[in-house]
Amino acid sequence: IELQSHFTHNLLLLKNRDATIANLQNQLQKISQTHHDEMHASLLQTRKDTREKVQRECEAKWRKLQQSHLNAAQATLAKRERLIHRDWERRLEAKDEEYRRVIQNNKTEYEREMQAQRETLEQRYLAAVVTRNENVSREEQQREEVI
């Protein structure tokens with residue numbers, strides 16, 4: 001009986017041990033599955049976070065690149081406008097200079113013509129004075145002759 005009692009007790013212990021082992025295996029399986037699920041979820045979250053981070057970085061780089069291109073285009077446009085403005089200023093200055101020359105030439109020509117007319121008038125005046133003096137002299141001579 002004692003032996004049977006020990007045997008029964010050992011058998012119960014073995015069943016308990018087997019049940020405990022099965023229970024531990026179940027718990028280990030659940031823990032392993034939970035750990036696997038948590039790791040999978042963590043990996044998915046990390047992957048999602050990484051994708052969002054990379055997307056934000058790419059968008060930021062894209063905006064920076066667009067801004068850089070916009071700034072370069074604006075700088076090129078401003079430079080082109082300055083060149084066009086300088087070209088127009090040079091053209092206007094050349095036209096101004098041409099007009100100054102034409103005006104100066106016209107003024108010089110006018111002064112020459114005026115000088116020629118003055119000289120002509122002076123010569124006519126002198127000729128008229130001489131003629132008048134001659135006429136006055138003749139009249140005086142004629143009066144003297146009459147007297």
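It should be noted that the structure appears before, not after, this text.
None of these values were measured; they are calculated from a predicted model. (Residues numbered from 1 in each chain as written. Predicted model: local features only at pLDDT ≥ 70, side-chain atom pairs only at ≥ 80, totals over all residues. Heavy atoms only, no water.)

S.K.: For the overall build of the protein chain, give the residues involved together with the corresponding values.
M.R.: Looking only at helices and strands, the protein chain has one helix and zero strands in total. Relative to the compact-globule value of 15 Å for 147 residues, the protein chain shows a C-alpha radius of gyration of 62 Å, a clear excess of over 25%. Oriented by its inertia axes, the alpha-carbon framework of the protein chain measures out at about 210 × 15 × 10 Å. In the protein chain, which comprises 147 residues, the proportion classed as buried is 0%. Across the protein chain, 27 positive and 25 negative side-chain charges occur, with their mean positions spaced 14 Å apart. (Helix = DSSP H or I, 4+ residues; strand = E, 2+ residues; numbered from the N terminus. Rg over C-alpha atoms; globule rule 2.2 N^0.38 Å. Buried < 20%, exposed > 50% of the residue type's maximum accessible area, 1.4 Å probe, protein only. Lys, Arg positive; Asp, Glu negative; His and termini not counted. Charge placed at Lys NZ, Arg CZ, Asp CG, Glu CD.)

S.K.: Account for a negative patch on the surface, naming residues and giving values.
M.R.: Where like charges cluster on the molecular surface, the negative patch consists of E139, E140, E144 and E145. You can see E144 is positioned in helix α1 (residues 2–146). (Patch = residues over 30% accessible without salt bridge, like charges linked within 9 Å, V, L, I, M, F, W, Y side chains within 5 Å. Areas by Shrake-Rupley, 256 points an atom, 1.4 Å probe, with all protein chains shown as cover. Salt bridge = Lys/Arg side-chain N within 4 Å of Asp/Glu carboxyl O.)

S.K.: Can you tell me about the pattern of salt bridges, naming the residues and giving the values?
M.R.: On inspection of all chains with the given rule, the structure shows six salt bridges. Note that E93 is salt-bridged to R100, the shortest N-O span being 3.6 Å. What makes E93 partly exposed here is its relative accessible area of 43%. Linked through salt bridges whose partners overlap, the residues forming this network are E93, E97 and R100.

S.K.: Now, about a nonpolar patch on the surface: what can you tell me, with residues and values included?
M.R.: Taken together, the side chains of F7, L11 and L14 define a hydrophobic patch exposed on the protein surface, amounting to about 290 Å² of accessible area. Its place among the elements puts L11 in helix α1.

S.K.: Provide a residue-level description of the environment of L126, including the pertinent values.
M.R.: Within the secondary structure, L126 sits in helix α1. The class of L126 is exposed, set by a relative accessible area of 52%. Separated by 97 residues in the primary sequence, L126 and Q29 have C-alpha atoms spaced 141 Å apart.

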